[in-house]
Amino acid sequence: MSERSQLRQARRLVIKIGSALLTNDGKGLDVAALGLWVDQIAELIDSGIEVVIVSSGSVAEGMSRLGWTTRPQQLHELQAAAAVGQMGLVQTWEAQFKRHGLHTAQILLTHDDLSDRKRYLNGRSTLRALLDVGVIPIVNENDTVVTDEIRFGDNDTLGALVANLIEADGLIILTDQVGLFDKDPRKHADACLVTERKAADAELDAMAGGGAGALGRGGMLTKLRAARLAARSGAFTVIVGGRIEAVITRLRQGEVIGTLLLPEQGRLAARKQWLASHLQTRGRLTLDDGAVNVVRLGGRSLLPVGVKSVSGKFRRGEMVSCVDQAGKEVARGLVNYDAEEARAIAGQSSDRIAGVLGYVCGEEMIHRDNLVVV
Ligand SMILES: Nc1ncnc2c1ncn2[C@@H]1O[C@H](COP(=O)(O)OP(=O)(O)O)[C@@H](O)[C@H]1O
Ligand SMILES: N[C@@H](CCC(=O)OP(=O)(O)O)C(=O)O
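What counts and how
- Residues numbered from 1 in each chain as written.
- Chains lettered and ligands numbered in written order.
- Predicted model: local features only at pLDDT ≥ 70, side-chain atom pairs only at ≥ 80, totals over all residues.
- Heavy atoms only, no water.
- UniProt positions renumbered as here; feature names shortened; annotations may be inferred.
- Helix = DSSP H or I, 4+ residues; strand = E, 2+ residues; numbered from the N terminus.
- Buried < 20%, exposed > 50% of the residue type's maximum accessible area, 1.4 Å probe, protein only.
- Contact = heavy atoms within 4.5 Å.
- Polar contact = N/O pair within 3.5 Å; in protein donor to acceptor, adjacent residues only side chain to side chain.
- Pairing = 2+ DSSP bridges.
- Axes fitted to C-alpha atoms, helices over the stretch in contact; angles between N-to-C directions.
- Parallel < 35°, antiparallel > 145°, perpendicular 65-115°, else oblique.
- Salt bridge = Lys/Arg side-chain N within 4 Å of Asp/Glu carboxyl O.
- Disulfide = S-S within 2.5 Å.

Looking at this structure, how should I read the UniProt feature "binding site: ATP" (unreviewed entry) in the chain?
On the UniProt side, "binding site: ATP" (unreviewed entry) is annotated at positions that read Lys16, Thr175 and Asp176 here. Across 161 residues of sequence, these annotated residues stay compact in space, with a maximum C-alpha separation of 12.2 Å. Along the chain, Lys16 falls in strand 1 (residues 12-17). Judged by its relative accessible area of 4%, Lys16 is buried. Apart from residues no more than four positions distant in its own chain, Lys16 is found in contact with Val54, Ser56, Asn155, Asp156, Leu171, Ile172, Ile173, Leu174 and Lys223. Polar contacts involving the side chain of Lys16 include one to the side chain of Asp156, which spans 2.7 Å.

So, in structure tokens, the structure goes:
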């Protein structure tokens, strides 16, 4: 079976669209092109696929709105342009999806947000909640408080981090070249398109090292790094030309366009390995016999009702050990509640969480995706 079938089977996708592609030669957003991608994405959503969009273009749109013709050197001016342009960016996405009766949501993130476990979980809950109600999240870097992306032009990494965050099956990076070539096609007329490789393939580094285009700044190297990051949670990446006719629809049908970069192992295996390597546990949940049986069977979440007692000091998102009443470890996982909160809701049914805490961070103590049986 061709690896392209992975695209036909994907249920959750991140689509990253770069500055070079989104902006009309630096004249502001290419609304016509954006409208065509929206039509294709709306079709995906209609067929039950969840999509998160990572959209660059705020700086270019801001420059256009402010009448600036050359990209400023000063970081604070770039940040100002990004803040102005972000308005146009989300307005355009919103207006285009509205034609299909779909809602969008603006999500501004930083890399730091995603390396802090608590913020990571909060971000994940918000994205999941949006996807659950059929809304399309439109993600960009929060350029007001960080400057890495506008300096290095690397929303590719953000795309991969979002793919990790929502456990996407795949990351599609739309760019201004039809895919990754064995050398920079702008400089070498004889460059050949790479159609499929393992993301980890070391030969790719030399191919992608050719620098970036005029508007985008990350080039292929950041796309390759993004593919490797996405592969860590088992997601494939496609680097493909956003101007190819019906590009998203054709990829979805399994057509061989662009460059497919594959993970070494599948999504579940990658996640379990990541969890298993997360050795340090911060606390302990003692389960009743019913919960021990449910957890041992695998594939089920641990609910607060099955927790008899809680020990240790831990925060939401940290790793805890789950033990039976004799103290034998049965599983470990990332807990949805701080230790104090976990103590308060232990033994309670999930519909009591709101009454006890005044809020709910998930009806599970540990979600099944975050639980490994030992
Ligand atoms: N091996 C390669 N294959 C394709 N493009 C390459 C390669 N090496 C460098 N590039 C350059 O990378 C550019 C795309 O990156 P970038 O400008 O950052 O786009 P985006 O804004 O879509 O992220 C291309 O226009 C091309 O000049
Ligand atoms: N966040 C900024 C910069 C991001 C950026 O340029 O990234 P890329 O699409 O990888 O070239 C923007 O939206 O313009």
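What's the story with the pairing of strand 1 in this structure? I'm lost.
Within a regular beta strand, the side chains point alternately toward one face of the sheet and then the other, so they alternate between its two faces. Along strand 1, 6 of the 6 residues are buried, which leaves the element largely enclosed by surrounding structure. Neither face of strand 1 is left uncovered, since the one carrying Arg12, Val14 and Lys16 and the one carrying Leu13, Ile15 and Ile17 both have all their residues buried. Both strand 1 and strand 2 (residues 50-55) contribute to a ladder of 6 bridges, which runs parallel. Residue Arg12 lies in a different strand from strand 2, and its bridge partner there is Glu50. Bridge analysis of strand 1 against strand 5 (residues 170-175) gives 5 bridges, and the strand direction is parallel. Paired with Lys16 across the strands is Ile173, a residue of strand 5.

In this structure, what is going on with the packing of helix 9 (residues 155-165) against helix 11 (residues 219-231)? I would like to understand it.
Each pair of packed helices can be summarised by the angle the axes make with each other and by the distance between the axes. Look at helix 9 against helix 11: their axes get within 8 Å of each other, and the N-to-C directions meet at 10°. In terms of orientation, helix 9 lies roughly parallel with respect to helix 11. The residues of helix 11 that touch helix 9, namely those facing Asp156, Thr157, Ala160, Leu161 and Asn164, are Gly219, Thr222, Lys223, Ala226, Leu229 and Ala230.

Just checking my understanding: could you explain the pattern of salt bridges for this structure?
Scanning all chains against the criterion turns up 19 salt bridges. Residue Lys183 is joined to Asp190 by a salt bridge in which the shortest nitrogen-to-oxygen separation is 3.2 Å. For Lys183, a relative accessible area of 28% corresponds to the partly exposed category. For Asp190, a relative accessible area of 52% gives the class exposed. Between Arg197 and Asp201 there is a salt bridge, and its shortest N-O distance comes to 2.9 Å. On the basis of relative accessibility, which here comes to 24%, the residue Arg197 falls in the partly exposed class.

Explain the UniProt feature "binding site: substrate" (unreviewed entry) in the chain to me, please; I cannot follow it from the model alone.
The sites that carry the UniProt feature "binding site: substrate" (unreviewed entry) are, in the present numbering, Ser56, Asp143 and Asn155. These annotated residues cover 100 residues of sequence, and their C-alpha atoms lie no more than 11.0 Å from one another, placing them together at a single site. A residue is classified by how much of its surface remains accessible, and Ser56, at 5% relative accessible area, is buried. Sequence-distant contacts of Ser56, defined by excluding residues within four places in its chain, comprise Lys16, Ile17, Gly18, Ser19, Leu22, Leu89, Asn140 and Asn155. By the secondary structure assignment, Asp143 is in the loop between strand 4 (136-141) and helix 8 (148-152).

Before we go on, may I ask you to explain the state of the cysteines in this structure?
One pass over the structure, following the stated rule, counts 0 disulfides. Between Cys361, a cysteine without a disulfide, and Cys322, which holds the nearest cysteine sulfur, the sulfur-to-sulfur distance is 18 Å. With a relative accessible area of 25%, Cys361 lands in the partly exposed category.

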